Amino acid sequence: MPIESGSCASARQAKQKRKSHSLSIRRTNSSEQERAGLQRDMLEGQDSKLPSAIRNTLLELFGQIEREFENLYIENLELRREIDTLNERLAGEGQAIDGAELSKGQLKTKASHSTSQLSQKLKTTYKASTSKIVSSFKTTTSRAICQLLKEYVGHRDGIWDVSVAKTQPVVLGTASADHTALLWSIETGKCLVKYVGHVGSVNSIKFHPTEQVALTASGDQTAHIWRYIVQLPTPQPTADCNQVSGEDEVEISDKDEPDGDGEGSSDCPTVRAPLTSLKSHQGVVIAADWLVGGKQAVTASWDRTANLYDVETSELVHSLTGHDQELTHCCTHPTQRLVVTASRDTTFRLWDFRDPSIHSVNVFQGHT
C-alpha cells in the first residue's frame, strides 16, 4: 500500500474537523426539531388515552418551558462572566491603591462588602421596628394579671351563651345544650334557678331590661319567656355549691346524671313552664333578644328568617326575610328600635323599626 505523506494526513485531519464542526452546527440548529420529533415518537410509542391534539399541545408547552430554562441558563453564564470581569478589575484597582496582591477570597469579600452592608442595614432597621411592636405587646401583657376568680359548675353539656341581668338582683345566666338554662350568683357561684321548659338545646339567654324575666332560644324551634324569682345568698368564704341532692331533676334529659355532674344545680329551684312560648319558626332558633322597652322580642332561626313578636300577645309582628342561608345571631340596640341579624350567607343586616309605618333594611357585605 502507498504510504500517505504528512501533508496529506494533516489536510485530511483538517477536513474531518471542518466536517465534524459543520455537523455539530447543523445538529445544534436542528436540536429543537429533533427533540420535538423524538418526544413525539416516544409518546406515540406509549399507551395514552389523550387525544393527539392535546398531546401535541403538551409537547409544544414542554418545549417552550425547556427553551425558557435554556435562556435562563445562558443568561446565568453571561452574568458569571461579567462577575469574573468585575472581580479582575477590582483586583487591579486594589493592587494600585494598596500595593498588595489580593487573593480570590479577599476579592469576593471586597466585592460583596457593600451588598452585605446594605443587607445588614435593612435587617437592623427591620429588627428595630419589629422589636418596638413586640416590646409594646410585652409591656401590655406584663401589666395584665389574669387569674380564675370563680367557676360555675352545673351544666352537663356545652354552654352556648352567657348573659348578665340588667336589673337587681344582678345574676348570671347560662344557656346549655343539656336543654336547661341556669341562673347563678356571681359572687358565690351557687346555682339559683334552673329552667327546664325546653325540649331541645338552649342556644341563647337574654334578660328583660326592667323585670325578672328571661328570654331563651332553643333548638326545639321555639323561644320561651319565663319569670324567675331569686334571692341572692350571703357570700361565703368558700363556694357553697358542693352538695349533691337526690331531687328528680334528671327527667329533662334522656340520659342519667353521672356522679359528680350537676353539682351546684341539682338543688336549685326549678321553673318548668314558660309565661309565653313564641312559635313561628320552622328550624332551630339560634338566638333571641329584647327590643328596647321589653314589649317586643326578636328571634333568629336556621330557617333563614328572623321574627319580631309582641310579648304580651305572642303574635308575630314582622317576619324579616332576605338572608340566603341560616341565621347565626341577632341583637338589638339598647336605646333604639334597631335589630341586627347575621347569617352564614356572609352578610349581616340592620333592620330599622323606628318609624312605625315602615321598616327599612341595610345589607352589609365584606366577609367571605
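Residues numbered from 1 in each chain as written. Predicted model: local features only at pLDDT ≥ 70, side-chain atom pairs only at ≥ 80, totals over all residues. Heavy atoms only, no water.

Engineer: Any chance you could break down the overall build of the protein chain for me, citing the residues and the numbers?
Structural biologist: Along its length, the protein chain carries 5 helices and 17 strands. Taken over 368 residues, the protein chain has a buried fraction of 30%. Looking at the protein chain alone, contacts between residues at least 24 apart form 45% of all its contacts between residues at least 6 apart. For the protein chain, the exposed area adds up to about 24300 Å²; of that, 55% sits on carbon and sulfur atoms. (Helix = DSSP H or I, 4+ residues; strand = E, 2+ residues; numbered from the N terminus. Buried < 20%, exposed > 50% of the residue type's maximum accessible area, 1.4 Å probe, protein only. Contact = heavy atoms within 4.5 Å. Areas by Shrake-Rupley, 256 points an atom, 1.4 Å probe, with all protein chains shown as cover.)

Engineer: Summarise the UniProt feature "repeat: WD" (unreviewed entry) in the protein chain; cite the residues concerned and give the values.
Structural biologist: In the numbering used here, UniProt assigns the feature "repeat: WD" (unreviewed entry) to residues 152-194, 195-226, 278-319 and 320-361. Spanning residues 195-226, this segment combines 0% helix with 53% strand, and its end C-alpha atoms are found 8 Å apart. (UniProt positions renumbered as here; feature names shortened; annotations may be inferred.)

Engineer: Describe the sheet that holds strand β10 (residues 285-290), and please don't skip the residues or the numbers.
Structural biologist: Taking strand neighbours across the sheet as the criterion, the 4 strands line up as β10-β11-β12-β13 in an open arrangement whose pairing is antiparallel. Either end of the sheet is taken by a strand with one partner, and the two such strands are β10 and β13 (316-320). When strand polarity is set aside, the average angle formed by the axes of neighbouring strands in this sheet is 20°. Note: strand β12 (residues 306-310) against β13, 4 bridges, orientation antiparallel. Each bridged residue has a counterpart across the sheet, and for alanine 306 the counterpart in β13 is leucine 320. (Pairing = 2+ DSSP bridges. Axes fitted to C-alpha atoms, helices over the stretch in contact; angles between N-to-C directions.)

Engineer: Go over the sheet that holds strand β6 (residues 213-218) with me, naming the residues and quoting the values.
Structural biologist: Reading across from one edge, β5-β6-β7-β9 is the order of the 4 strands in this open sheet, with antiparallel pairing throughout. Lying at the two open borders of the sheet, with one neighbouring strand each, are β5 (202-207) and β9 (276-278). Ignoring which end each strand starts from, the neighbouring axes of this sheet average 20° apart. With 5 bridges connecting them, β6 and strand β7 (residues 223-227) associate as antiparallel partners.

Engineer: Break down the pattern of salt bridges for me, citing the residues and quoting the values.
Structural biologist: What the rule picks out here adds up to 4 salt bridges. The partner of glutamate 326 in a salt bridge is arginine 344, with the nearest N and O atoms 3.9 Å apart. Taken together, the residues span a long stretch of sequence, with glutamate 326 in the loop between β13 and β14 (327-332) and arginine 344 in the loop between β15 (338-343) and β16 (347-352) at a distance of 18 residues. Relative accessible area serves as the criterion here: at 22%, glutamate 326 is assigned to the partly exposed category. (Salt bridge = Lys/Arg side-chain N within 4 Å of Asp/Glu carboxyl O.)

Engineer: Account for a nonpolar patch on the surface, with residues named and values stated.
Structural biologist: Together, Leu50, Ile54, Leu58, Leu61, Phe62, Ile65, Phe69 and Leu72 make up an exposed nonpolar region whose accessible area comes to about 770 Å². Among the structural elements, isoleucine 54 can be located in helix α3 (residues 52-98). (Patch = residues over 30% accessible without salt bridge, like charges linked within 9 Å, V, L, I, M, F, W, Y side chains within 5 Å.)

Engineer: Outline the state of the cysteines, supporting the account with residue identities and numerical values.
Structural biologist: All chains considered together, the criterion is met by 1 disulfide. Looking at cysteine 330, it has no disulfide partner, and the nearest cysteine sulfur is the one in cysteine 331, 7.1 Å off. Given a relative accessible area of 1%, cysteine 330 falls into the buried group. (Disulfide = S-S within 2.5 Å.)

Engineer: Go over the side chain of threonine 216 with me, naming the residues and quoting the values.
Structural biologist: With respect to the secondary-structure elements, threonine 216 resides in strand β6. Look at threonine 216 and you get buried, because its relative accessible area is 0%. Only 3.2 Å separates the side chain of threonine 216 from the side chain of tryptophan 226, close enough to count as a polar contact. With near-sequence residues (within four places) excluded, threonine 216 lies in contact with Ala181, Tyr195, His198, Val202, Ser204, Ile205, Thr222, Ala223, His224 and Trp226. (Polar contact = N/O pair within 3.5 Å; in protein donor to acceptor, adjacent residues only side chain to side chain.)

Engineer: With reference to specific residues and values, describe the nonpolar core.
Structural biologist: If you look at the biggest cluster of nonpolar residues, it comprises 16 residues, and the most contacted ones within it are Leu183, Val193, Phe207, Trp226 and Tyr228. The set of elements that each furnish at least two residues to this core consists of β3 (181-184), β4 (191-195) and β5. Core analysis: the next-biggest nonpolar cluster, separate from the first, contains 13 residues, Ile286, Leu308, Leu320 and Val339 among them. (Core = buried A, V, L, I, M, F, W, Y, C linked by side-chain atoms within 4.5 Å.)

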